[in-house]
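# Geometric and topological summary
Each chain is listed here by its residues.
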Amino acid sequence: MTAIYLALPFPPSVNESLDIGRSKRTGKTVAFSSDVKRAFVKEADGMFLQQKRALVGRSIQGPFTYHLTLNESLRSSAMDGDNRQKYALDFLQRVGLIANDKFAMGGSWAWGPCEYPPLIGVWPFDVATKAI
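This is a predicted model, so every value here is computed, not measured. (Residues numbered from 1 in each chain as written. Predicted model: local features only at pLDDT ≥ 70, side-chain atom pairs only at ≥ 80, totals over all residues. Heavy atoms only, no water.)

### Let's talk about the packing of aromatic side chains
For the structure shown, the criterion picks out 6 aromatic pairs. Here F48 and F91 contribute two aromatic rings whose centre-to-centre distance is 6.3 Å and whose plane-to-plane angle is 75 degrees, an arrangement assigned as edge-to-face. Of this pair, F48 sits in helix α1 (residues 35-55) while F91 sits in helix α2 (residues 85-94), and the two are 43 residues apart along the sequence. Residue classification places F91 among the buried residues on the basis of a relative accessible area of 2%. Cluster of aromatic residues (ring-pair linked, three or more members): F10, W109 and W111. We note K86 situated over the ring of Y87; from NZ or CZ to the ring centre the distance is 5.7 Å. (Phe/Tyr/Trp six-rings, centres within 6.5 Å; stacked < 30°, edge-to-face > 60°. Helix = DSSP H or I, 4+ residues; strand = E, 2+ residues; numbered from the N terminus. Buried < 20%, exposed > 50% of the residue type's maximum accessible area, 1.4 Å probe, protein only. Lys NZ or Arg CZ within 6 Å of the ring centre and 35° of its normal.)

### Some points on the packing of α1 against α2
As a packed pair, α1 and α2 sit with axes 11 Å apart at the nearest point and diverge in direction by 50 degrees. The angle between the axes of α1 and α2 places the two elements in the oblique class. As for the relative orientation of α1 and α2, their crossing is right-handed in sense. Contacts between α1 and α2 involve K37, F40, V41, A44, D45 and F48 from the former and Y87, F91 and R94 from the latter. Taken together, the residues of the contact of α1 with α2 sort by class into 6 nonpolar, no polar and 3 charged. (Axes fitted to C-alpha atoms, helices over the stretch in contact; angles between N-to-C directions. Parallel < 35°, antiparallel > 145°, perpendicular 65-115°, else oblique. Left-handed = near helix turned anticlockwise from the far one by under 90°. Contact = heavy atoms within 4.5 Å. Nonpolar A, V, L, I, M, F, W, Y, C, P; charged D, E, K, R; others polar.)

### What to know about the sheet that holds strand β4 (residues 64-71)
With mixed pairing, the 4 strands of this open sheet are ordered in space as β1-β6-β4-β5. A single partner strand is all that each edge strand has here, and the edge strands are β1 (4-7) and β5 (104-112). In this sheet, neighbouring strand axes are inclined to one another by 15 degrees on average, regardless of whether the strands run parallel or antiparallel. Direction of pairing for β4 relative to β5: parallel, over a ladder of 8 bridges. (Pairing = 2+ DSSP bridges.)

### Focus: the pairing of strand β2 (residues 18-22)
Inspection of the sheet shows β2 paired to strand β3 (residues 29-33) by 5 bridges, in the antiparallel sense. In the strand pairing of β3, L18 is matched with S33. The turn linking β2 back onto β3 is made up of 6 residues, and G27 within it adopts a positive phi angle of 80 degrees.

### Re the environment of T2
Positionally, T2 belongs in the segment before β1. When the C-alpha atoms of T2 and P124 are compared, they prove to be 7.6 Å apart, with 122 residues separating the residues in sequence. Excluding anything up to four places from it in sequence, T2 contacts R58 and P124.

### With respect to the pattern of salt bridges
Across all of its chains, the model carries 4 salt bridges by this definition. A salt bridge links R84 to E16; the shortest N-O distance between them is 3.8 Å. Taken together, the residues span a long stretch of sequence, with R84 in the loop between β4 and α2 and E16 in the loop between β1 and β2 at a distance of 68 residues. Across the pair D35 and R38 runs a salt bridge whose closest N-O atoms are separated by 2.3 Å. Here D35 and its partner R38 are both found in helix α1, 3 residues apart, which amounts to about one turn of the helix. Given the relative accessible area of 44%, R38 is considered partly exposed. (Salt bridge = Lys/Arg side-chain N within 4 Å of Asp/Glu carboxyl O.)

All quantities given are derived from atomic positions and should not be read as evidence of function.
Laid out in C-alpha cells, this is it:
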C-alpha cells in the first residue's frame, strides 16, 4: 500500500485546544473543546470532503508512520510546531484514514514549503520487518 496524503487546515496547538469551565449540571470544573479546536474540525471536514474522492476508500488499519509538514509562511515567532500533530492524527482517525492513532510507530513534523497550511502523509508500517 502506498502513502495517504491529506491537506488540512492549520491544526491548533494542544495548548489552545481546551477550555476550562464549570458544568452547568454538576457545578464541577470540566475541560471542553475550545472554539479554536471546533473551528479546526469544521474546516477539516470541508477540506476532507473535497479530497475524499481521490482517496478512493483507502485507509491504514494497523501500524503506521507519518510526517506532518507545516507551512513555513504561516509560522509566527511565538509558534511551536511540535504540539500540532495530535489534532491532525485525531482527524485522520475521525474520518477513518487510520484505524487509531495509537498505532503510530513513529512520526515527525517540520516547518517547510507547502502548498497547504499543513500536509500530512501516512505510511503503513510492517511490524515484522520494521519497514515502511
